Amino acid sequence: MDKETEKLIRQMLYEKTKAEVLDILDDIETSEVLYVYAYNYNWDNGFEIPGKIIDQKCCDLSTALMVFYRADGFRYMQEKDSKIEGSEDWIRFVERLYLKIVHDTYQRSEIKFRPPLNKVQIYKLSRSLKGSGSIFIGSIGTEDLDIIL
């Protein structure tokens with residue numbers, strides 16, 4: 001990642017208002033910027049910005065999966081067949097993202113994603129996931145963008 005792109009992401013993270021970040025996201029054309037920004041996003045700031053990220057045309061599968069797990073998607077998958085506990089905003093966000101991922105909304109890219117799960121969690125999920133749900137437990141891509149800014 002070049003210095004200008006890194007500078008833009010840092011500004012979005014630490015200097016810009018939510019409204020300014022939402023405007024900037026409209027002009028983002030690469031999944032790499034979305035991934036690094038989302039990787040560093042402060043989830044105490046709510047679901048509006050991540051919602052915008054997952055709706056961008058350039059959002060790829062690795063970014064969507066990373067956002068899903070960062071939003072506690074693992075808990076959602078464990079509870080989705082029963083009564084899910086959590087805020088309505090969280091439930092709506094993670095449910096919508098889960099369905100977008102399962103319905104192949106996102107293209108694969110070279111951005112590396114490895115589920116943040118241990119072997120026991122992967123085993124339990126693999127038993128409950130069917131068909132396209134297996135995308136949640138496999139690794140994809142080779143370009144590591146897990147950069148802390």
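That block above? That's the structure.
Residues numbered from 1 in each chain as written. Predicted model: local features only at pLDDT ≥ 70, side-chain atom pairs only at ≥ 80, totals over all residues. Heavy atoms only, no water.

### Topic: the pattern of salt bridges
Note the cut-off: What makes a salt bridge here is a side-chain nitrogen of Lys or Arg within 4 Å of a carboxyl oxygen of Asp or Glu, nothing more. Where helices and strands are cited, they refer to DSSP runs of H or I of at least four residues and of E of at least two residues respectively, numbered from the N terminus. Remark: exposure states derive from per-residue accessible area (1.4 Å probe, protein chains only) relative to the maximum for the residue type, with buried under 20%, exposed over 50%, and partly exposed in between.
Considering all chains together, one arrives at eight salt bridges under this definition. Ionic pairing is found between D55 and R96, a salt bridge with its closest N-O pair at 2.8 Å. Taken together, the residues span a long stretch of sequence, with D55 in helix α4 (residues 48-55) and R96 in helix α7 (residues 88-102) at a distance of 41 residues. For D55, a relative accessible area of 42% corresponds to the partly exposed category.

### Re the packing of α4 against α7
For the record, the criterion: Working convention: axes come from line fits to C-alpha atoms, limited for helices to the stretch in contact. Angles between N-to-C directions cover 0 to 180 degrees. The scheme is simple: roughly parallel for angles under 35 degrees, roughly antiparallel for over 145, roughly perpendicular for 65 to 115, oblique for anything else. Here a residue-residue contact requires only that any non-hydrogen atoms of the pair lie within 4.5 Å. Just so you know the grouping, Ala, Val, Leu, Ile, Met, Phe, Trp, Tyr, Cys and Pro go in nonpolar, Asp, Glu, Lys and Arg go in charged, and all remaining residues, Gly too, go in polar.
Running from N to C, α4 and α7 cross one another at 10 degrees; their axes reach a closest spacing of 11 Å. Judged by the inter-axis angle, α4 sits roughly parallel to α7. Contact residues: α4 offers P50, G51, I54 and D55, while α7 offers F93, R96, L97 and K100. When its residues are assigned to classes, the contact of α4 with α7 shows four nonpolar, one polar and three charged.

### So, α7
Keep this limit in mind: The span one expects for a helix is its residue count, reduced by one, times 1.5 Å.
The terminal C-alpha atoms of α7, which comprises 15 residues, lie 21 Å apart, in line with the 21 Å expected from a rise of 1.5 Å per residue. Where the residues of α7 are buried, they touch α4, α5 (61-70) and α6 (73-79). Among the residues trailing α7, D104 stands out with phi positive, at a value near 55 degrees.

### Overview of the packing of aromatic side chains
What counts here: Aromatic contacts are taken between Phe, Tyr and Trp rings whose centres are within 6.5 Å, Trp giving its six-membered ring; a plane angle under 30 degrees counts as stacked, one over 60 as edge-to-face, and the others as tilted.
Overall, the coordinates contain 13 aromatic pairs when judged by the stated rule. Taking the centre distance of 5.2 Å and the plane angle of 35 degrees together, the rings of F47 and F93 count as tilted. Highlighted residues: F47 in the loop between α3 (31-40) and α4 and F93 in helix α7, separated in sequence by 46 residues. Judged by its relative accessible area of 4%, F93 is buried. When the centroid spacing of 5.9 Å and the interplanar angle of 25 degrees are considered together, the rings of Y69 and F113 count as stacked. On the criterion of sequence distance, the pair formed by Y69 in helix α5 and F113 in the loop between α7 and α8 (119-128) is long-range, its members being 44 residues apart.

### A short note on the side chain of S62
With respect to the helices and strands, the residue S62 is situated in helix α5. With residues up to four places along the chain from it excluded, the contact list for S62 reads Y35, S109, I111, K112, F113 and I140.

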